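# Geometric and topological summary
Here is how the chains run, residue by residue.
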Amino acid sequence: MSNFFAMAGRMRLINRWSLMQNASQENIAEHSHSVAVIAHALCVIGNKKFGKSYNAERCALLALYHDTTEVITGDMPTPVKYYNDDIKNAYKSIENAAGSRLLDMLPEEFKDEYSPLFNKEPADEELWKIVKAADKIDALIKCINETRLGNKEFEKALEAQKQIIADIDMDEVRYFEKEFLPAYYLTLDEHTKR
């Protein structure tokens, strides 16, 4: 019996932004789906607009699994996770152990297929950068949504996330920011009026 997929299914039980009052709760399954959609879009943008040759489908897969270890570790709030190098390195070690534990839940014949989702391989380095950028964009979108709902708790986080996105030196991110991000500020009526 393998527990791997049952454990991965528990992603929907792990809430994000636990130190903040949320107008709308978000779990890591929802977050991972959003990151996968955005990562795929960034790859398509890179390929179509900037002459890149990203494997968009692989990038989306990496994004779907990027937070799976949190079914074991829980979601460590960013201010805690990155407080100092000691905590950051210790948490990275815990994440690696959690990834190994999850992989050990798979039948031996499947481990090589899933290992790159937990153990970053050099061949996927560019794609992991895309996933990280998509993760940051999704955090910005969460802050936009919360502040649109009148949640003042996310005002400073919104400004911080805007700066994080501005600091990402990727053409794909600039394009997404210009062409797609403004729509997240619109209401449903504004979206459907066009």
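Whatever comes next refers back to the structure up there.
Now for a quick tour of the structure. (Residues numbered from 1 in each chain as written. Predicted model: local features only at pLDDT ≥ 70, side-chain atom pairs only at ≥ 80, totals over all residues. Heavy atoms only, no water.)

## Focus: the overall build of the protein
To keep things clear, this is the line we draw: In this description a helix means any DSSP run of H or I spanning at least four residues, a strand means any run of E spanning at least two, and both kinds are numbered starting from the N terminus. Throughout, the radius of gyration refers to the C-alpha atoms, and the reference size of a globule is 2.2 Å times the residue count to the power 0.38. For every residue, the accessible area (1.4 Å probe, protein chains only) is compared with the maximum for its type, and the residue is labelled buried under 20%, exposed over 50%, or partly exposed between those bounds. Contact between two residues is taken to exist if any of their heavy atoms lie within 4.5 Å; hydrogens are not considered. Each accessible area is a Shrake-Rupley estimate made with a 1.4 Å probe; only the visible protein chains count as cover when residues are assessed. Residues counted as positive are Lys and Arg, residues counted as negative are Asp and Glu, and His and the chain ends are not counted. Every charge is mapped onto a representative atom, which is NZ of Lys, CZ of Arg, CG of Asp or CD of Glu.
Along the backbone of the protein there are 11 helices and zero strands. A globule of 194 residues ought to have a C-alpha radius of gyration of about 16 Å, and the protein, at 17 Å, matches this closely. For the C-alpha atoms alone, the extent of the protein along its principal axes is close to 50 × 40 × 35 Å. For the protein, buried positions account for 41% of its 194 residues. Relative to all contacts within the protein whose residues are 6 or more apart in sequence, the contacts with residues 24 or more apart total 69%. Surface exposure of the protein reaches about 11500 Å², of which carbon and sulfur atoms provide 51%. Positive and negative side-chain charges in the protein, numbering 25 and 32 respectively, have mean positions lying 4 Å apart.

## Focus on unusual backbone geometry
Positive phi values are uncommon outside glycine, yet Trp17 reaches one of about 55°. Overall, Trp17 belongs to the buried group, its relative accessible area being 15%.

## Considering the packing of aromatic side chains
Our working definition: What counts as a ring pair is set by centres within 6.5 Å for rings of Phe, Tyr and Trp (its six-membered ring), and what kind of pair is set by the plane angle: stacked under 30 degrees, edge-to-face over 60, tilted for all other angles. Look at NZ for Lys and CZ for Arg. If either is within 6 Å of the ring centre and within 35 degrees of the ring normal, a charge sits over the ring.
Summed over all chains, the structure comprises 11 aromatic pairs. Ring centres of Phe5 and Tyr114 lie 5.8 Å apart, and the angle between their planes is 75°; on these two criteria the pair is classed as edge-to-face. With Phe5 in helix α1 (residues 4-8) and Tyr114 in helix α7 (residues 108-118), the pair connects residues that are 109 residues apart, well separated along the chain. Among the residues examined, Phe5 registers a relative accessible area of 46% and is labelled partly exposed. Taken together, a centroid distance of 5.4 Å and an interplanar angle of 45° make the contact between Phe176 and Phe180 tilted. Looking at Phe176, the relative accessible area reads 5%, which means it is buried. An aromatic cluster is present here, built from Phe4, Phe5, Tyr65, Tyr114 and Phe118 joined pairwise through their rings. The cationic tip of Lys120 hangs over the ring face of Trp128; the distance from NZ or CZ to the ring centre is 4.7 Å.

## Here's the deal with the nonpolar core
We count it as follows: Think of a nonpolar core as a cluster: buried Ala, Val, Leu, Ile, Met, Phe, Trp, Tyr and Cys residues, connected wherever their side-chain atoms sit within 4.5 Å.
Counting 49 residues, the largest nonpolar core has Phe4, Leu42, Ile130, Ile137 and Val173 as its most contacted members. Put simply, the parts of the chain that give this core at least two residues each are α1, α2 (28-50), α3 (56-65), α6 (85-103), α7, α8 (125-148), α9 (155-166) and α10 (171-179). In terms of residue count, α8 provides more of this core than any other element does, 12 residues in total. If we skip the residues at most four places from it in the chain, Phe4 touches Tyr65, Leu102, Met105, Leu106, Tyr114 and Phe118.

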